[in-house]
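Examining the three-dimensional arrangement
So you can see what is in the structure, the chains are spelled out below.
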Amino acid sequence: MINCHTGMPTIGDVLSIPEELETKTYLPEFNTDGAENNYYLISIRRSSNDKEYDKESVSTQIAINEMVNDIMNDIYEIIENHKETYALKDGSIDEKLNELEVSSKLKKRGNNEKNNSKIMKFHFASNNRPFKINKKNNNNNNNKKNNNNNNNNNNNNNNNNNNNNNNNIFKTNNKKIQNIVEYTPIKSELVKFICPVLNYYVIRAYLSDEVVKIIKKLPNVIHCKISKRTVAFRSINTMENNISSNKYYNSEDILNETKWKGLEIQENQFNNETLAYSHLSLISQGQYKYTENSNYTYDNNYYFPSTAGKGIDLYVIDSGLNINLHEADFDTYKNTPDERIITCDGRIENGEFNPVYKMEDCLIESLDDDEHGTLVSIAAIGKINGVAKKANLHMLATDYGDSDDLTALDYIKQHATPHKTVVNISRGCEYGVECYSQSIQNKITELINYGIIIIVSAGNTYESNCIGQIYTSCEGVIPIGAISNNYIYDLGMEDVYEPAIYTSYGECVDLFAPGTIRVSREGNNEILEMVSGTSFSSAITAGVVATIMSENSNIDYTFYLMKEKLIDLSLKDVIRDLDENTPNRFLNNGKKIVYQSSKSDVLLDEFSD
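Given the structure is predicted, the values throughout are model-derived calculations rather than measurements.

Before going further, it helps to spend a moment on the overall build of the protein. Per the secondary structure count, the protein includes 12 helices and 26 strands. Residues counted as buried form 58% of the 609 residues belonging to the protein. Pairs at least 24 residues apart make up 78% of the contacts formed inside the protein by residues separated by at least 6 positions. Element-wise, carbon and sulfur atoms account for 44% of the exposed surface of the protein, whose accessible area totals about 25,400 Å².

The next thing to look at is the packing of aromatic side chains. In total, this model carries 17 aromatic pairs according to the counting rule given. Among the aromatic side chains, those forming a connected cluster through ring pairs are Tyr-53, Phe-131, Phe-193 and Tyr-201. Of note, Arg-204 hangs over the ring of Tyr-39, and the distance from its end group to the ring centre comes to 3.8 Å. Lying across the ring of Tyr-303, Lys-591 places its NZ or CZ 4.4 Å from the centre.

With that out of the way, let us pick up the sheet that holds strand β1 (residues 38-44). Strand pairing in a sheet takes place through backbone hydrogen bonds and is either antiparallel or parallel in direction. The sheet built from 4 strands is open, its strands ordered β4-β5-β1-β6 with antiparallel pairing. Only two strands of the sheet have a single partner each, and these edge strands are β4 (191-197) and β6 (221-226). Looking at each pair of strands side by side, their axes are set apart by 25° on average, direction ignored. Across 6 bridges, the pairing between β4 and strand β5 (residues 200-207) is antiparallel. Counterpart to Val-191 in the pairing with β5 is Ala-205. Across the sheet, helix α10 (residues 438-450) touches β1, β4 and β5, and the angle it forms with β4 is around 45°.

What follows concerns the side chain of Ser-281. Considering the arrangement of structural elements, one finds Ser-281 in helix α7 (residues 278-281). From its side chain, Ser-281 meets the backbone oxygen of Ser-278 in a polar contact 3.5 Å long. Filtering out sequence-adjacent residues up to four positions away, Ser-281 remains in contact with Tyr-298, Asp-299, Asn-300, Asn-301 and Tyr-302.

Looking now at unusual backbone geometry. Although it is not a glycine, Lys-259 adopts a positive phi angle of roughly 65°. You will see that Tyr-277, though not glycine, has its phi angle at about 70°, which is positive.

Turning next to the pattern of salt bridges. Scanning the entire structure with this criterion turns up 24 salt bridges. When the shortest N-O distance is used, the salt bridge between Asp-399 and Arg-229 registers 3.1 Å. Within this pair, whereas Asp-399 is found in the loop between β15 (392-398) and α9 (402-415), its partner Arg-229 is found in the loop between β6 and β7 (230-232), the two being separated by 170 residues in sequence. Members of the salt-bridge network, linked through shared partners, are Glu-52, Asp-54, Lys-55, Arg-129, Asp-410, Lys-413, Lys-443 and Glu-446.

Right, let's talk about the environment of Pro-418 for a bit. In this fold, Pro-418 is placed in the loop between α9 and β16 (421-425). Since its relative accessible area comes to 28%, Pro-418 is described here as partly exposed. Sequence spacing of Pro-418 and Ile-453 is 35 residues, and the spatial spacing of their C-alpha atoms is 9.0 Å. Those residues in contact with Pro-418, other than ones at most four positions away along the chain, are Tyr-450, Gly-451 and Ile-452.

Between two cysteines, a covalent bond joining their sulfur atoms is known as a disulfide. According to the stated counting rule, one finds 3 disulfides in the structure shown. In this model, Cys-429 is linked to Cys-435 through a disulfide, with the two sulfur atoms separated by 1.9 Å. One disulfide, between Cys-429 and Cys-435, carries an S-S torsion of -100° and so falls in the left-handed class. Comparing Cys-429 with Cys-435 shows no difference in burial state: the two are buried. The side chain of Cys-466 participates in a disulfide bridge whose partner is Cys-508; the two sulfur atoms lie 2.1 Å from each other. Measuring the twist about the S-S bond at about -80°, one finds the Cys-466-Cys-508 disulfide to be left-handed. Of this pair, Cys-466 sits in the loop between β18 (453-457) and β19 (478-483) while Cys-508 is found in the loop between β19 and β20 (511-514), placing the two residues 42 residues apart along the sequence. Cys-508 matches Cys-466 in its accessibility class, with the two residues each being buried. Disulfides within the protein link the bonded cysteines, taken in sequence order, as 1-2, 3-4, 5-6. Cys-474 takes part in no disulfide bond, and the closest cysteine sulfur to it belongs to Cys-429, at a distance of 9.4 Å. For Cys-474, a relative accessible area of 7% puts it in the buried group.

Let us look at the pairing of strand β13 (residues 342-349). The sheet contact formed by β13 and β15 spans 6 bridges and is parallel. Directly across from Cys-344, in β15, lies its bridge partner Met-395. Summarising the sheet, β13 and strand β14 (residues 352-355) pair through 4 bridges and their orientation is antiparallel. When the bridges of β14 are listed, Ile-348 appears paired with Phe-353. If you look at the hairpin formed by β13 and β14, you'll find 2 residues sitting between the two strands, and Asn-350 has a positive phi there, around 55°.

This part takes up the confidence of the model for the protein. When the pLDDT values of the protein are averaged, the result is 83; 79% of them are 70 or greater. Considering only residues more than four positions removed or in separate chains, one finds that residues 1-35, a stretch of pLDDT under 50, has 109 contacts.

Before going further, it helps to spend a moment on the environment of Ala-232. Relative to the helices and strands, Ala-232 resides in strand β7. As for Ala-232 and Gly-459, which are separated by 227 residues in sequence, their C-alpha atoms are 8.6 Å apart. In this view, Ala-232 contacts His-372, Tyr-400, Ser-426, Arg-427 and Ser-535; residues no more than four positions away in its chain are not counted.

This part covers the environment of Glu-36. Position of Glu-36 relative to the elements: it lies in the segment before β1. Sequence-wise, Glu-36 and Val-211 are 175 residues apart; in three dimensions their C-alpha atoms are separated by 9.9 Å.

What counts and how
Residues numbered from 1 in each chain as written. Predicted model: local features only at pLDDT ≥ 70, side-chain atom pairs only at ≥ 80, totals over all residues. Heavy atoms only, no water. Helix = DSSP H or I, 4+ residues; strand = E, 2+ residues; numbered from the N terminus. Buried < 20%, exposed > 50% of the residue type's maximum accessible area, 1.4 Å probe, protein only. Contact = heavy atoms within 4.5 Å. Areas by Shrake-Rupley, 256 points an atom, 1.4 Å probe, with all protein chains shown as cover. Phe/Tyr/Trp six-rings, centres within 6.5 Å; stacked < 30°, edge-to-face > 60°. Lys NZ or Arg CZ within 6 Å of the ring centre and 35° of its normal. Pairing = 2+ DSSP bridges. Axes fitted to C-alpha atoms, helices over the stretch in contact; angles between N-to-C directions. Polar contact = N/O pair within 3.5 Å; in protein donor to acceptor, adjacent residues only side chain to side chain. Salt bridge = Lys/Arg side-chain N within 4 Å of Asp/Glu carboxyl O. Disulfide = S-S within 2.5 Å. pLDDT = per-residue confidence, 0-100.

Structure below.
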């Protein structure tokens, strides 16, 4: 295959194969897990001298696209020529190869319609980053490729000698390369574009063990790793109860402490059986301390800045969105100054993005937990049950493959507004499985450098979860663990300041937040559903990030500034029985005054670090 810049050989060409390009240090050695017939993520790089894809010129991007597409044709042909290696234990051929019957007829028909000087190849169509490809690559284009190749491979030789050598190569190649290539579009599940990452391109291919060995040796292929699946970090409980409102606080004191531009209060009476709204009240006050025989009760109000995430985009990579679950939480405040966007940007399955035109189509129906994304969204931006009540929501309904997550992150890279975007990812490796992905890490690095904040759940393994994980092991994300606000004992609300029985921990976990939310109906406050997991502590933190960004709209927050801000605001050393290697920090939105309700409004305490 001819690499559009480096002159790598292609099917039908007679050039010799140059040495493989040097692999950058940010990619590990080839790693094949040895499972038979699996989807693999394959990284292809044109030149180690290339810059990050999105920082390259349009012409260079086109050259990269065409080069990757040609290598995908090579891989597709290798699959065709090694179908027998896909045989299952019962001797049958894997049904995923049925696609080859259609594609071979298409290719045969295309070749029959062309003369001997033409070759038909596939243009692997993709919704992720659509691009056009030249229908004909003539000899002039081949000369250009060879010229780029020789320019890229100049080393320490004399320039004049190199130019002479190049001219000789051009003459040789002009004589030998006569074929014209025509491309036919194809939608393939065997070989598929995913997205560019830094200065290489990731594709997905369905490979047998034997084919993997061949693919690893292809020019420009720098990495080949089995594609892994993730899981949502959630447990579920349901219950019903009724609560009523309560009023007490000192607004002036709160504004003086927080320096917020304005204050809003969601007033919630405390119910020690349901703990409704405690996921909100806990993050807007200092540590509650139990007093025996006290006539005062816990302050269950939620205090937050009046900007409340306005103008900030929250992207949620999850199972989808069903606003019918609780429409009040997804109020867009239409025709008011606080009008916001609640949308499903698209659905991502098998590594491919597809736009969603109707909200009812914003679900990955193959997932068992199709409400997960809706509940995560409610915790982050819900009008009644959420933290950032005025933030915009962009759902990316995403299956659990790492190729799906990579496509989602790339979509955000293309569409997000720098320093005005926070991403929540409430998923990770299955229990006991390592699924770290260097390409996910590299894509996260792109987003961080672009000014995007990424919050991830720590996991529900109840063990240290910092090694070999798809997100908590990554640099540039903020992992969140959970405290146990799903029930209380003798110490009342002081009991909640301990790790939830399911939460993961470890030195990578930056903060803890409430892990249980109760989705409550507005008005009579009927509890519709109670859910627990670090999925929701992550979402709650993402909501706090959105409120910080909107309240300080003059600051261009980066990952580093936001992490520092969250740590600065957090309550230190209030979580009991926490692993000693885990930072002891509890999420706080800036209000640390502690009130308790009684027959009169009384300020009992003011928390200070």
